[in-house]
Amino acid sequence: MAVLQKIRQRSGLLLLVIGFSLLAFVVGDLIQGGTFGRQSTDVGSINGKDVPFEDFRIKVANMEKNGQGTTQTQAANQLWEQEIAIALLTAEFDKLGLRAGENHIVENFKNDPNIGQNPAFLNELGKFDLKKFKEYFKTNPEQAQMMKDREKDAELNAKYQMYAALIKGGMYTTEAEGKFKYELESNKTSFDYVALLYSTVKDSDIKVTDADYLAYMKKREKRFKSEGTREIEYVVIEDTPSKEDQAEAKAKIDALLAGGVVFNNETKTNDTVPSFKNASNVAEYIAANSDTPYDSTYVSKQDLPAEHAEALFNLPTGEVYGPYINGKYYVVSKSMGRKSGAKAKASHVLISWEGTQVPSKKEKRTKEEAKVKAESILAQAIANPGSFAMLALTNSDDSSAQSGGDLGYFGPNQMVKPFNDFVFANSVGKIGLVETEFGYHIINVTDKQDAIRLATVSQKVDPSQKTTDDAYTKATKFEMDAASKDFAAVAKAAGVTVNPAIKAKPMDEMFGSVGNQRQIVKWAYSEAKVGDVKRFEVVNVGHVIAKLTKINEKGLMTVEEAKPMIESIIKNEKKAEKLKAKASGSSLEAIAKANGTTVQQAVDVTVGNPVLNGVGAEQKVVGTAFGTAAGKLSAPIEGNSGIYVIKAKSVLKAPKAANYTDYVNKVKAMASQGVGRVIPALKSDAKIEDNRLEFY
């Protein structure tokens, strides 16, 4: 709509030109990327199984509707990853013959608080009642279809739980593994060594070519896969208020401050407008003259604009302050009075009991047990108020426990009534106990703030039509010039900055400093060729003129993309070759002398903690020491921080333990993380075709 509105504002000749351009654009879109040119009716396929666009579109629309600010592209990206995970896991479930019966599905429902704790499905004892659950949907058939969809999700979740249990069960940990873990952490070795560190070789002495990077990446293709990128540089020509626009808004505020006679465009008569200070009905005055409505709430000093907070907070009742700038508005404010203790700050310790709607109870207790504990904590808090934060940290069932029970500042009626009444009825320093539906609260009133009420008249500083037209003209000229001239040179002549190139992936939406701009990324992938330039109108910003500078095709990453990840690794490999040549000699002393360094000692080092003083972890070095006979000199070892030569001294084996349970549990804990690696592993071997770019 914003584009069409601006088109209506142009001259007749411009309308004609743009009319033809729009027609060409629409036809071109239909033929190339729209209805006539779309290559697929599927949003993609996963191991040969198609994902129909229409089904996917409905899911995206539902997520957008329910996603609290989720954009279409964000929804499409999240749901695509979900489709992949479901397809890959379902195939695994089918291979294993996993089936989920009614009991599995019901258990899954019961674990959902919206179902398992829904009063409509609970019996007299507060337990989930399957009979009531089924009866509800018999008597509410309009809800039955929704529940069928939930059943599919519940069945999938039930199968996943079985699958995860099978994986965990398959990762059985033996006592022998526990014993091995014990030995890794307890066997000790001591040795002398010489370290020739990579840092002693200057980076400037090492030459790394693109061929070196490519060779490294090709050996590890899965790690360096790329879905392709488009490199786009851009400039922004802002449609922002000019100095004249600001002056016009200020003049309107000044007129309201002074009062006087103004012409009424609706009645075609002169109206006498009183000054803001002398207005008899402030709310009506603001409704008639302000771009923002009257707000009668009290605000504390910390909630006022920082630059003007002191003056506004101390403004006498009835007095006026301004004009001043607040965000995009010129404003003037009038004090409507002050209220003592309008905001309060408090800390609390929450002690809940079974049956309260508190998700993270620290322990199970009855209401009677909770009251006894709460009264005990109250006594401790009153006796030693300084211990309140520690009492909250160690006892509270509320998430505020991590901050010592601090709830920050709040106004009247923001907390449940018993809590609110206690805090606002008592002075700072008062500690007491109240009961709410969440449990028993031991409350410490820690601060109170006065607040003021302001009446504010504001005039938004918007760009005028002339300012908007000037920005449009400048942006259009830039687009035309940049199509045939050097982009940077045109930017310099226009007095704007070329932003660093964005490397956009096919389904990216975020575009540098201008936020979510899917239209620019879509253009770069669907119609642009290298060197093409296009202007985009961006709401609340102005104009973005983008140039496609490079196309990086799908496949292996470019050297530029991979370099930050592997440059130091390849340089160290080359440094290692240089240092190995210097690491020969008949003894450690001879090697050290030849390289201007010293022989160092490692005492009682373990494989479980293979740290050498001053250099960090060196697993290969310590492992070699365990396998080298005492008194023998090792070959050069390529470590994490340099090249090492060692002379083994001794290996001290730990005594046999009575049992290895603790170490078996350590290995189990590590193995249990394997479930989280399933989907990435399946995905790396899957054949996935992604057609989302054709639709979004």
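The structure presented is a predicted model; accordingly, all values stated were derived computationally and were not measured.

Two elements in contact, helix H3 (residues 53-66) and helix H4 (residues 72-96), have axes whose closest approach is 9 Å; the angle formed by their N-to-C orientations is 125 degrees. Judged by the inter-axis angle, H3 sits oblique to H4. Remark: the crossing between H3 and H4 carries right-handed chirality. In contact with Phe56, Lys59, Val60, Met63 and Glu64 of H3, H4 contributes Gln72, Ala75, Ala76, Gln78, Leu79, Trp80 and Glu83.

Residues of the chain with pLDDT of at least 70 account for 94%, and the chain-wide mean is 89. pLDDT under 50 marks residues 1-37. Its contacts with residues more than four places away, or in other chains, come to 22 contacts.

Regions of empty space are outlined by a rolling probe, equal in size to a water molecule, passed over the atoms. There is about 1200 Å³ of room inside the second largest pocket. Elements supplying a minimum of two residues to the lining of the second largest pocket: strand E2 (49-52), H3, H4 and helix H8 (141-170). Sort the elements by how many residues they give to the lining of the second largest pocket and H8 lands first, with ten residues. When the residues that make up the lining of the second largest pocket are grouped by side-chain class, the tally is 15 nonpolar, six polar and eleven charged.

Looking now at the packing of aromatic side chains. Under the definition given, this model contains 26 aromatic pairs. Considering the side-chain rings of Tyr182 and Tyr663, the 5.3 Å spacing of their centres and the 75 degrees angle between planes classify their relative orientation as edge-to-face. Here Tyr182, found in helix H9 (residues 175-186), pairs with Tyr663, found in helix H23 (residues 661-671); they are 481 residues apart in sequence, far enough to count as distant. Stacked on the ring of Tyr216, the Lys or Arg Arg220 has its end atom at 3.6 Å from the ring centre.

Regular strands show a simple pattern: their side chains alternate between the two faces of the sheet. Here five bridges tie strand E8 (residues 320-326) to strand E9 (residues 329-351), and the two strands are oriented antiparallel to one another. What sits directly across from Val320, in E9, is Lys334.

Strand order across the open sheet formed by four strands is E17-E3-E21-E20, with antiparallel pairing between neighbours. At either end of the open sheet lies a strand with only one pairing partner, and these are strand E17 (600-605) and strand E20 (637-638). Bridging between strand E3 (residues 188-197) and E17 involves four bridges; their strand directions are antiparallel. Of the residues in E17, the one forming a bridge with Phe191 is Ala602. In this fold helix H22 (residues 619-626) packs onto E3, E17, E20 and strand E21 (642-652), with an angle of close to 40 degrees to the strand it touches most, E21.

This next bit is on the sheet that holds strand E13 (residues 499-504). Judged by pairing direction, the sheet is antiparallel, and its four strands sit side by side in the order E13-E5-E15-E14 without closing on themselves. One side of each edge strand has no neighbouring strand; the edge strands of this open sheet are E13 and strand E14 (533-538). With strand direction ignored, the average angle separating the axes of adjacent strands in the sheet is 35 degrees. Note that strand E5 (residues 229-238) and E13 share four bridges and pair antiparallel. Bridge pairing links Tyr234 to Asn499 in E13.

Turning our eyes to something else, we now look at unusual backbone geometry. Residues other than glycine predominantly adopt negative phi, and peptide bonds predominantly adopt the trans conformation. The linkage connecting Gly322 with the following residue, Pro323, adopts the cis geometry, with an omega of 5 degrees. Tracing the backbone through its elements, the reader meets Pro323 in strand E8. Of note, Asn413 is a non-glycine position whose phi angle comes to about 70 degrees, a positive value. The residue Asn413 is located in the loop between strand E10 (406-410) and helix H16 (417-425) in this model. For Asn413, a relative accessible area of 67% puts it in the exposed group. Backbone geometry at Asn540 places phi at a positive 65 degrees, although glycine is not the residue there. For Asn540, a relative accessible area of 72% puts it in the exposed group.

A word on H3. Compared with the 20 Å implied by 1.5 Å per residue over 14 residues, the 20 Å span of H3 between its first and last C-alpha is a close match. Every buried residue belonging to H3 is among Phe53, Phe56 and Val60, and all of these are buried. On an axial view of H3, the arc spanned by its buried residues comes to 65 degrees, and they lie on one face. Across from the buried face of H3, at angles greater than 90 degrees, the exposed residues are Lys65 and Asn66. The elements touched by buried residues of H3 are strand E1 (42-46), E2 and H4. In the segment just after H3, Gln68 is the residue with positive phi, at about 50 degrees.

Reading the values: rules and limits
- Residues numbered from 1 in each chain as written.
- Predicted model: local features only at pLDDT ≥ 70, side-chain atom pairs only at ≥ 80, totals over all residues.
- Heavy atoms only, no water.
- Axes fitted to C-alpha atoms, helices over the stretch in contact; angles between N-to-C directions.
- Helix = DSSP H or I, 4+ residues; strand = E, 2+ residues; numbered from the N terminus.
- Parallel < 35°, antiparallel > 145°, perpendicular 65-115°, else oblique.
- Left-handed = near helix turned anticlockwise from the far one by under 90°.
- Contact = heavy atoms within 4.5 Å.
- pLDDT = per-residue confidence, 0-100.
- 1 Å grid on protein atoms, 1.4 Å probe; cavity = no way out; pocket = protein on both sides within 12 Å on 5 of 7 lines; lining within 4 Å.
- Points joined across faces, edges and corners; volume = space filled by probe spheres on them.
- Nonpolar A, V, L, I, M, F, W, Y, C, P; charged D, E, K, R; others polar.
- Phe/Tyr/Trp six-rings, centres within 6.5 Å; stacked < 30°, edge-to-face > 60°.
- Lys NZ or Arg CZ within 6 Å of the ring centre and 35° of its normal.
- Pairing = 2+ DSSP bridges.
- Buried < 20%, exposed > 50% of the residue type's maximum accessible area, 1.4 Å probe, protein only.
- Expected span 1.5 Å × (residues − 1).
- Arc of directions from axis to C-beta.

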